[in-house]
Amino acid sequence: TTAAPTEPDPGSVRVPAEQSIVDQAGPSNPGALRDSGSITVEDEGAVIENVRVDGTITVEANNVTIRNCEVRGFSNVAVIRTVSGITGTRIEHCFIEALPGADGAGPNGGVQGGKDTYVGYTEIAGYADGIKAEAGSLYEHNYIHMYKPAGSEKHLDGIQGSGDSNYTIRNNVIDQPIADGGNSAIFVQPYNGQRDYAITNITIEGNYLRGGNFTVFLEGDGLLSDITLRNNLWARDGNRYGYARVTNCGAVDAASNLFKDDRSVVPGTC
């Protein structure tokens, strides 16, 4: 069974469209799941389905599909990881939980690695970041709600894009309240941990967003270009400092970013 959805505070109850996203995220046929240990996929075009994994999945081949699954485990990288240079991973109708390690050691979260990746109709929970966004990828119809153990100082992002271009985040419910350690629902920056990169062609649309220090970060000044931020709904609660931090509004095509309760415009969204 999947983890129970985290209910918003009073005053921010989801509208039916958002609840539909939550309800559809996760295994499409839980009764078909069979227990498995960690899996390493080495065959191009392989399909991994109907598994309940106690551990991790590592993808080492192109065009691998992972569907109708539950994966719970600890990893220093991510619970489902596509290794560098591999493309075309497809993850759909899964439940992924990144568990803390011994003494609260923090993994890097749910899904990481691989260009041209698809993650859809999947519930992602646990410690650290839900998805590390990669070039050429599409993330849609997911329910992401990360959390951290008591005493941890690590901050959590629902979807984090660092140094990559050309991806789309649409029609997701991303619930990252500050009380659970949320830094942002969506965090976009041109820095990948080693150097700065110019980033472009990123679309964020049709999402329900809640929580964080700022709910959405679009950082990068002149290194950002062709960023689309439109038709998203914000909760009013759950954040610490504000709803959006955008360092270069000239790079952002923003429209119809509204509060859920009264459909007024969210300040800070350019």
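That block above? That's the structure.
Fair warning: this is a prediction, and the values are worked out from it, not measured in the lab.

Engineer: Would you take a moment to explain the pattern of salt bridges for this structure?
Structural biologist: Proximity of charged atoms lets side chains of opposite charge pair with each other. What the rule picks out here adds up to 17 salt bridges. Here Lys-260 makes a salt bridge to Glu-18, at a shortest N to O gap of 3.9 Å. Of the two residues, Lys-260 is situated in the segment after β24 (258–259) and Glu-18 in helix α1 (residues 16–24); the sequence distance between them amounts to 242 residues. With a shortest N-O distance of 2.9 Å, Arg-90 and Glu-92 are connected by a salt bridge. Classification of Arg-90 as partly exposed rests on a relative accessible area of 34%. With a relative accessible area of 17%, Glu-92 lands in the buried category. Within the structure, one salt-bridge network assembled from shared partners comprises Asp-35, Arg-52, Glu-70, Arg-72 and Glu-97.

Engineer: In this structure, what is going on with the environment of Tyr-147? I would like to understand it.
Structural biologist: Relative to the elements of secondary structure, Tyr-147 occurs in the loop between β13 (143–146) and β14 (156–162). Beyond its immediate chain neighbours, meaning those up to four positions away, Tyr-147 contacts Glu-97, Ala-98, Leu-99, Ala-125, Gly-126, Tyr-127, Ala-128, Leu-156 and Asp-180. At 2.7 Å, the side chain of Tyr-147 and the side chain of Glu-97 are in polar contact.

Engineer: I keep staring at the nonpolar core and nothing clicks. Help me out?
Structural biologist: One recurring pattern in soluble globular proteins: nonpolar side chains tend to sit buried together. If you look at the biggest cluster of nonpolar residues, it comprises 56 residues, and the most contacted ones within it are Ile-57, Ile-66, Ile-186 and Leu-218. Take this core: its biggest share by element is 4 residues, from strand β7 (residues 90–98). Grouped together as the second largest cluster of nonpolar side chains are 9 residues, Ile-21, Val-22, Val-173 and Leu-258 included.

Engineer: What am I meant to see in unusual backbone geometry here?
Structural biologist: A positive phi is found at Tyr-121, a non-glycine position, where the angle reads about 55 degrees. Looking at the secondary structure, you find Tyr-121 in the loop between β9 (118–120) and β10 (123–126). Here Tyr-121 falls in the partly exposed class, since its relative accessible area comes to 22%. Phi is positive for Ala-128, close to 80 degrees, though the residue is something other than glycine. Note that Ala-128 resides in the loop between β10 and β11 (131–132).

Engineer: Help me out: how do you make sense of the environment of Leu-138 in this one?
Structural biologist: Along the polypeptide, Leu-138 turns up in strand β12 (residues 138–140). Setting aside residues up to four positions removed in sequence, Leu-138 forms contacts with Thr-117, Tyr-118, Val-119, Thr-168 and Arg-170.

Engineer: I'm lost on the state of the cysteines in this one. Help?
Structural biologist: Think of a disulfide as a covalent bridge from one cysteine sulfur atom to another cysteine sulfur atom. Counted under the stated rule, the structure contains 2 disulfides. The disulfide partner of Cys-249 is Cys-270, and the S-S distance across this bridge is 2.0 Å. Of note, the bridge from Cys-249 to Cys-270 carries an S-S torsion of about -85 degrees and is left-handed in sense. Pair noted here: Cys-249 is in the loop between β22 (239–246) and β23 (252–255) and Cys-270 is in the segment after β24, with a separation of 21 residues, a long-range link. Assessed through its relative accessible area of 39%, Cys-249 is described here as partly exposed. Taken in N- to C-terminal order, the disulfide-linked cysteines of the protein chain are connected 1-2, 3-4.

Engineer: It is not clear to me how the environment of Asp-157 should be interpreted in this structure. Could you clarify?
Structural biologist: In this fold, Asp-157 is placed in strand β14. Beyond its immediate stretch of four places on either side in the chain, Asp-157 contacts Ala-128, Asp-129, Gly-130, Met-146, Asn-183, Ser-184, Ala-185 and Phe-187. Side chain to side chain, Asp-157 and Gln-160 meet in a polar contact 2.8 Å long.

Conventions adopted
- Every chain is numbered independently, its residues counted from 1 as its sequence is written.
- Residues qualify for local features only when their pLDDT is at least 70, as the model is predicted, and side-chain atom pairs are given and counted only at 80 or more; totals for whole chains, interfaces and linings, by contrast, use all residues.
- Based on all heavy atoms of the structure, the side-chain values leave hydrogens and waters out of the count.
- Any carboxyl oxygen of Asp or Glu within 4 Å of a side-chain nitrogen of Lys or Arg constitutes a salt bridge here.
- Each helix is a run of H or I in the DSSP string that is no shorter than four residues. Each strand is a run of E no shorter than two, and both are numbered from the N terminus.
- Three labels apply to residues, based on accessible area from a 1.4 Å probe with only protein chains included: buried if under 20% of the type maximum, exposed if over 50%, partly exposed otherwise in between.
- Here a residue-residue contact requires only that any non-hydrogen atoms of the pair lie within 4.5 Å.
- Here a polar contact is taken to be a pair of N or O atoms separated by no more than 3.5 Å, where protein atoms must pair a possible hydrogen donor with a possible acceptor and residues adjacent in sequence count only if both atoms sit in side chains.
- Nine residue types can take part in a nonpolar core, namely buried Ala, Val, Leu, Ile, Met, Phe, Trp, Tyr and Cys, and a core is a set of them joined through side-chain atoms within 4.5 Å.
- Here, the term disulfide refers to a pair of cysteine sulfur atoms separated by no more than 2.5 Å.

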